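In case you want the letters, here they are:
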Amino acid sequence: MKPTAVLYLTMALCIAGCATKPLPPVVINIPTRTIDYQKEVKPLLDKRCTVCHSCYNSPCQLKMDSFEGTDRGASKQAVYNSSRLTAMDPTRLFTDAQTTEEWRKKDFFSVTESTVTNGLYRKGISLVRADKLLNSALNDSIMIQLLNHKMKNPKSTGEYSPETDDLTCSENQSEVAGYLKKHPNRGMPYGFPPLKQEEFEIIAGWLAQGAKGPDADQQATLISPKAPDALAIQKWEAFLNQDDAKHGMTARYLYEHLFLAHLKFATPTNEYYELVRSKTAPGQPIELIPTLRPYDDPGVARVHYRFRKIYSTIVHKTHMVFALDEAQLQRFEELFIEPEWLQPPHLVGYDQKLSANPFVAFEQIPPSARYQFLLDNSLYTIKTFIQGPVCKGQIALNVIDDHFWVMFMDPEHDLSVRYPGFLKVNSDRLRMPIEQGSNQQIVSTLTDEYRKKSIDYYRARQDYYASHNYAGLNYDSIWKGNNGADAPVLTVYRHFDSASVHKGLLGNLPKTLWVIDYPLLERIYYALVAGFDVYGTTGHQLALRIYMDALRVEGESSFLDFLPPEKRPETMQAWNIGTSLERINYYPSSLPVQIPFTTGEPKREFMEHLVKQHLLPATAISFDPINYRPGELGYPRVPKKYTTNDDYLRTLGTFLQPGTPFFSLINDHNANLAYLRIRLKNGKDLAGSIVINRWHDNVAFILGEDDRLNPLKDNADIIPGLIGSYPNYFIDVMEEDLPDFFDLLASFDRKNPQDMARLAKYAINRADDRLWEAYDWFQQRFYADEPIEGGLFDLNRYYYNTQ
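Predicted model, so just to flag it, every value in this text is computed and none were measured. (Residues numbered from 1 in each chain as written. Predicted model: local features only at pLDDT ≥ 70, side-chain atom pairs only at ≥ 80, totals over all residues. Heavy atoms only, no water.)

(A) Main features of the overall build of the protein. Scanning the protein from terminus to terminus reveals 29 helices and 15 strands. At 28 Å, the protein has a C-alpha radius of gyration in line with the 28 Å of a compact globule built from 803 residues. With the C-alpha coordinates aligned to their principal axes, the bounding extent of the protein is approximately 85 × 70 × 55 Å. Counting over 803 residues, the protein shows a buried share of 60%. Counting only contacts in the protein whose residues sit at least 6 apart along the sequence, the fraction spanning at least 24 positions is 76%. Accessible area of the protein: about 32,200 Å², with a carbon and sulfur share of 53%. (Helix = DSSP H or I, 4+ residues; strand = E, 2+ residues; numbered from the N terminus. Rg over C-alpha atoms; globule rule 2.2 N^0.38 Å. Buried < 20%, exposed > 50% of the residue type's maximum accessible area, 1.4 Å probe, protein only. Contact = heavy atoms within 4.5 Å. Areas by Shrake-Rupley, 256 points an atom, 1.4 Å probe, with all protein chains shown as cover.)

(B) Seen up close, the side chain of Ser-589. Examined against the element boundaries, Ser-589 turns out to sit in the loop between α23 (567-574) and α24 (602-614). Within the structure, the side chain of Ser-589 is placed 3.0 Å from the backbone nitrogen of Leu-591, a separation counted as a polar contact. Not counting residues within four places of it along the chain, the set of residues in contact with Ser-589 comprises Gln-462, Ala-466, Asp-561 and Arg-568. (Polar contact = N/O pair within 3.5 Å; in protein donor to acceptor, adjacent residues only side chain to side chain.)

(C) Representation of helix α1 (residues 37-50). For α1, spanning 14 residues, the distance from its first C-alpha to its last is only 15 Å, which falls clearly below the expected 20 Å at 1.5 Å a residue. Looking at the buried side of α1, the elements it contacts are α2 (67-72), α8 (197-208) and α29 (771-785). Between the side-chain oxygen of the N-cap and the backbone nitrogen of Gln-38 there are 3.0 Å, and the N-cap of α1 in question is Asp-36. (Expected span 1.5 Å × (residues − 1).)

(D) Representation of the environment of Leu-324 in the model. Inspection of the secondary structure puts Leu-324 in strand β6 (residues 321-324). Residue Leu-324 is classed as buried on the basis of its relative accessible area of 4%. Placed 172 residues apart in sequence, Leu-324 and Phe-496 show a C-alpha to C-alpha distance of 33 Å. When neighbours within four sequence positions are excluded, Leu-324 is seen to be in contact with Trp-236, Leu-263, Lys-264, Phe-265, Ala-266, Phe-307 and Phe-332.

(E) Geometry of the sheet that holds strand β11 (residues 673-679). Here we have five strands laid out as an open sheet, ordered β13-β12-β11-β14-β15, and mixed in their pairing. This sheet does not close on itself; its edge strands, each paired only once, are β13 (715-720) and β15 (763-764). When β11 meets strand β12 (residues 686-693), the two strands line up antiparallel, connected through six bridges. Note on β12: the bridge partner recorded for Ala-674 is Ile-690. (Pairing = 2+ DSSP bridges.)

(F) Representation of the state of the cysteines within the structure. Counted according to the given criterion, the structure contains one disulfide. Between the sulfur atoms of Cys-60 and its disulfide partner Cys-169 the distance amounts to 2.1 Å. Given an S-S torsion of about -90 degrees, the disulfide between Cys-60 and Cys-169 has left-handed geometry. One end of the pair, Cys-60, is in the loop between α1 and α2; the other, Cys-169, is in the loop between α6 (142-152) and α7 (173-182), with 109 residues separating them in the sequence. The exposure classification of Cys-60 matches that of Cys-169, with both residues buried. Between Cys-52, a free cysteine, and Cys-49, which holds the nearest cysteine sulfur, the sulfur-to-sulfur gap is 8.9 Å. (Disulfide = S-S within 2.5 Å.)

(G) A look at empty space enclosed by the protein. Inspection of the entire model under this criterion finds six cavities of 30 Å³ or more. Of the voids in this model, the largest cavity is the one considered here, and its volume is about 480 Å³. Along its surface, the largest cavity is lined by 28 residues, and His-53, Cys-60, Leu-62, Leu-146 and Met-188 are the ones closest to its centre. Going through the elements one at a time, α1, α6 and α7 are the ones with two or more residues in the lining of the largest cavity. It is α6 that contributes the most residues to the lining of the largest cavity, four residues altogether. Among the residues forming the lining of the largest cavity, the class breakdown is 24 nonpolar, three polar and one charged. (1 Å grid on protein atoms, 1.4 Å probe; cavity = no way out; pocket = protein on both sides within 12 Å on 5 of 7 lines; lining within 4 Å. Points joined across faces, edges and corners; volume = space filled by probe spheres on them. Nonpolar A, V, L, I, M, F, W, Y, C, P; charged D, E, K, R; others polar.)

(H) Representation of the side chain of Thr-491 within the structure. Note that Thr-491 resides in strand β8 (residues 489-494). Accessibility expressed as a relative area gives 0% for Thr-491, which makes it buried. A polar atom in the side chain of Thr-491 sits 3.4 Å from the side chain of Trp-405. Looking at Thr-491, its side chain comes within polar contact range of the main-chain nitrogen of Leu-506, at 2.8 Å. Apart from residues no more than four positions distant in its own chain, Thr-491 is found in contact with His-403, Phe-404, Trp-405, Ser-500, Val-501, His-502, Gly-504, Leu-505 and Leu-506.

(I) Quick peek at the environment of Pro-519. Inspection of the secondary structure assignment puts Pro-519 in helix α21 (residues 518-530). Classification of Pro-519 by relative accessible area gives buried; the value is 0%. For the pair Pro-519 and Pro-214, spaced 305 residues apart in sequence, the C-alpha to C-alpha distance is 46 Å. Ignoring anything within four residues of it in the chain, the contact list for Pro-519 reads Phe-359, Asp-414, Ser-416, Leu-423 and Tyr-457.

(J) The arrangement of the pairing of strand β14 (residues 729-734) in detail. Within β14, five of the six residues are buried, which leaves the element mostly enclosed by the surrounding structure. One ladder, built from six bridges, connects β11 with β14; its direction is parallel. Each residue of the ladder has a partner; that of Leu-676, found in β14, is Ile-731. Note: β14 against β15, two bridges, orientation antiparallel. Bridging from a neighbouring strand, Ile-731 pairs with Ala-763 of β15.

(K) The environment of Phe-108, seen in detail. Within the secondary structure, Phe-108 is located in the loop between α3 (100-105) and α4 (115-122). Taking C-alpha positions, Phe-108 is 33 Å from Ser-444, a pair spaced 336 residues apart along the chain. Discounting residues that sit within four places of it in the chain, Phe-108 has contacts with Gln-61, Arg-72, Gly-73, Ala-74, Ser-75, Thr-91 and Trp-103.

(L) Structural detail: the pattern of salt bridges. All told, the structure shown has 43 salt bridges when counted by the stated rule. With a shortest N-O distance of 3.2 Å, Asp-743 and Arg-758 are connected by a salt bridge. Of this pair, Asp-743 sits in helix α27 (residues 738-747) while Arg-758 sits in helix α28 (residues 753-762), and the two are 15 residues apart along the sequence. The partly exposed category is assigned to Arg-758, whose relative accessible area is 23%. If you follow the salt bridges from partner to partner, you end up with Asp-428, Arg-431, Glu-435, Glu-449 and Lys-453 in one network. (Salt bridge = Lys/Arg side-chain N within 4 Å of Asp/Glu carboxyl O.)

Pasting the structure below:
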């Protein structure tokens, strides 16, 4: 290592004035060489800071997935606020302010500058002048104070929940000192082991050298003509910005559905882009139109759709990849441009209520085109409401069960597609709470206006299908997929306040299943994605939760319509223990049954026939070989010899069945997803996910969720690979220790100190010194397994207790 200098962090420098006694001076050895942000600092920040500081749920709004986010700093205002009566001003990075000075005016304070610089700015001194006054001062930033405190107090004790803890969000020296005095074990990283000494010195050196970021040309808003994606961008921007109304309305529809996507062109580079609305035409620097929602009035006569490169670190929880290649362009032409529309193509305005109702705003586009677009991209579409604006997902997620499968109505059998007039007649019933905007008050939700409209539509739909399908529905009514890339069946896992979506059938037969048609899919998307405002009032978010409850019943009911009539109410009641069918507004269809069921388990029989005889073979959808158990078949026996990776995971599943001691260990909502590493003797380590499915008697109510849980019915699925975005625990087992590990699971007693000690050998607590090594291994394995879909995991919800 090159010679080091001694950096004295003296808090006596309080030019801005100190309210309390300053922290004592700190001596740190740092490199004298120039620290390279892009090569040294950013990778370190990503794997130790961004893992908790990204998206809307970043503690103190400190987003560290980009230099701009780190430079913007933190705020005392929380994005997630369950008692907000008026919508807060949005604080979207790269959108709602463009410079550090603008963010300071929005009450964001620096975490990298000297705390004195912050104080000078508060006194009205500009940032430029403050830097000149302090050009020879030493860095005593909030970041270095919190990191250094953790280096001196490395052990984490107690409980840590950064999303729910009462954080001070200290903005100056005295607040940091007061916070650390009150919480001496809450330096950074929060509740995790400290940085290594060399890592700490790199960060300290970077801060002392001015915390500079990448060169300006690395963050250019105009893509260079020599860039690998330049030709693709030129072609796509030409398609989206043609002058005729047909292309204009097509581009508008696509934008409203792709504004959250991470768009990838067909080039070898792993670069991603976002589709934005701009005041400027292609070829010019983007001048962003920063509306809150994608369908809001842009306020300009002509909108241009542009591609803006994503420079931030890709985090998995918001990483929804959408491919834009030549085949996709041809598909859009085939779906939207070539067919004759229901009306002569014409541009539509942005009236608030009109644009919030896609069935009216886009009624000129054939529903067959709109629905097929959504089906072609069914995995992406469902991901948007699971991984979209609701990073902290109670609003979207405590309305669904922990595990269910999703299918889709075939377009040829979807009556809203076959008879578009049905949508026009019911357009008023298809209105959603999003037309009220972000400031909806709680009192307005008491009338349940939109839920009532949704229920009216649901009843009209049920009657309409009964009148047009005299013989009932059959397997052909389920979309089988058109090619191998399609996802006609999806698995949704809820991990308490996050969730994940997967192509195919994971797990055993779930309690509930959904069948989604075009009107339901479009409403789910607009209500919970395009129209959802994370900055909105409690009333806005409550209204959408209530509305989504009705949509869930509609989706479940659509599946039940395939079963024998006498089984429909009986099954719906079994899915809603503790409440009445009248209270959830269930309206059973009068459709007869067309499928000749031959067993007493029509739900299972339906799925087994669908998978084995109906779905397009090219989709390669089959039952989960590890977790699915046909009929009454019990858990598999432990094999005498492990020959495949599935053998290891299947064996693990036998020790994680309902009622086993393991479930007494993970009996709260903070333990839903664990990552497993088995270190095999052949050097090819196995990675898997343990998913806990918590049984809910019903999910019909907003409050009292814990009272409706039944731990005796909980189950676990063992999934090859790493799924989800928020691991709650890491488990690391050597192959030779598997017998002891399995024995521990079979006989575990949490009151037995010896069992707890054995468990600590395999399960890595957040305070464990092995934590970062384990995290790095799982993260790198995820990147290797998923080079396109992979992103940075989030540790905000790692198991909270250090004991």
